[in-house]
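This is what each chain is made of:
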Amino acid sequence: MQQSSLQTRLNFILQNRPERWLYAIFWQASKDTNGRVVLLWADGYFPSTSNDHDQMFGCDDVYDTRWLMMSSVSMCFLAGQDVVGESYSLGSFLWLAGDMELKSYNSKRTEEVRVHGIKSLVCIPTPNGVVELGSCDIEKQDGGLIQLTKSVFDPGSFHSVNLTNFDECEIPNQGIFLVYS
């Protein structure tokens, strides 16, 4: 099965870093029917599984984390809200490493990833959205990851995802919204 352009970019980031990132998601900036900026699932990358996959990524249950990815498809975040939306609005990455940092951030997304075994969550804003990375290890902050991600999602080489028609997504604690591009 051929990878999309977004999956190729997300895979490139995961494959070219020494950390053991378990997944990568790109949250695309769009607008809802009221004109508010919303970040919704555009694509994600989760390396294929094997018998040694759990040990390779330091996770107790990689399949639980795969479920996290699958459940994320229908989620979206208003700009400025939750960890994904805040990263986009601030134009700054958010790097949360360890159970204490994830708990103290106190958001729906950080709680969701934490209960699925993620110990490090990074959100990196780009001009078109946010790249989210998750790891079952506690990963130390590294500017090289930020630079790599920003270069891979440089506006000169990145074409916006076109959403046709209306899409539905669920904003945590707020319900279902219609979104268009």
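Predicted, not measured: the structure shown is a model, and the values here were computed from it.

Looking at the overall build of the chain
Counting secondary structure elements, the chain contains seven helices and eight strands. In the chain, 64% of the contacts between residues at least 6 apart in sequence involve partners at least 24 apart. Accessible surface computed for the chain: about 8900 Å², of which carbon and sulfur atoms make up 49%.

Concerning the packing of helix α4 (residues 82-90) against helix α6 (residues 108-115)
In contact at an axis separation of 5 Å, α4 and α6 are set at 125° when each is read in the N-to-C sense. In terms of axis orientation, α4 runs oblique to α6. Along the contact surface, α4 presents Asp82, Val83 and Val84, while α6 presents Lys108, Arg109 and Thr110. Across the contact of α4 with α6, the residue classes break down as two nonpolar, one polar and three charged.

Brief notes about the pattern of salt bridges
Scanning all chains against the criterion turns up nine salt bridges. With a closest N to O distance of 2.8 Å, Glu132 and Arg109 form a salt bridge. Here Arg109 lies in helix α6 and Glu132 lies in strand β6 (residues 129-135), a separation of 23 residues in the sequence. Neither Glu132 nor Arg109 differs from the other in exposure class; each is buried. Between Arg114 and Glu111 there is a salt bridge, and its shortest N-O distance comes to 3.1 Å.

With respect to α4
All buried positions along α4 are accounted for by Asp82, Val83, Val84, Gly85 and Ser87. Directly beyond the C-terminal end of α4, a positive phi value near 70° is found at Gly91.

Brief notes about the environment of Phe93
Within the secondary structure, Phe93 is located in the loop between α4 and β4 (94-97). The exposure class assigned to Phe93 is partly exposed, which follows from its relative accessible area of 27%. Separated by 29 residues in the primary sequence, Phe93 and Val122 have C-alpha atoms spaced 7.1 Å apart. Look past the residues within four positions of Phe93 in its chain and what remains in contact with it is Ser87, Cys123, Ile124, Pro125, Gln141 and Ile146.

Notes on the pairing of strand β5 (residues 120-126)
With seven of seven residues buried, β5 lies mostly within the body of the structure. Alternating positions in β5 separate into two faces, Ser120, Val122, Ile124 and Thr126 on one and Leu121, Cys123 and Pro125 on the other, with burial throughout. Sheet topology places β4 next to β5; four bridges connect them, and they run antiparallel. Bridged to Leu96 within β5 is Leu121. As judged from the seven bridges shared by β5 and β6, these two strands associate in the antiparallel manner.

Re helix α7 (residues 143-152)
By the burial criterion, the buried members of α7 are Leu145, Ile146, Leu148, Thr149 and Val152. Taken down its axis, α7 places every buried residue within 165° of arc, on the same side. Looking at the buried positions of α7, the neighbouring elements they touch are α1 (5-15), β1 (21-32), β4, β5 and β6. Where α7 begins, the capping side chain belongs to Asp142, and its oxygen is found 2.6 Å from the backbone nitrogen of Gly144.

Reading guide: rules and limits
- Residues numbered from 1 in each chain as written.
- Predicted model: local features only at pLDDT ≥ 70, side-chain atom pairs only at ≥ 80, totals over all residues.
- Heavy atoms only, no water.
- Helix = DSSP H or I, 4+ residues; strand = E, 2+ residues; numbered from the N terminus.
- Contact = heavy atoms within 4.5 Å.
- Areas by Shrake-Rupley, 256 points an atom, 1.4 Å probe, with all protein chains shown as cover.
- Axes fitted to C-alpha atoms, helices over the stretch in contact; angles between N-to-C directions.
- Parallel < 35°, antiparallel > 145°, perpendicular 65-115°, else oblique.
- Nonpolar A, V, L, I, M, F, W, Y, C, P; charged D, E, K, R; others polar.
- Salt bridge = Lys/Arg side-chain N within 4 Å of Asp/Glu carboxyl O.
- Buried < 20%, exposed > 50% of the residue type's maximum accessible area, 1.4 Å probe, protein only.
- Pairing = 2+ DSSP bridges.
- Arc of directions from axis to C-beta.
- Polar contact = N/O pair within 3.5 Å; in protein donor to acceptor, adjacent residues only side chain to side chain.

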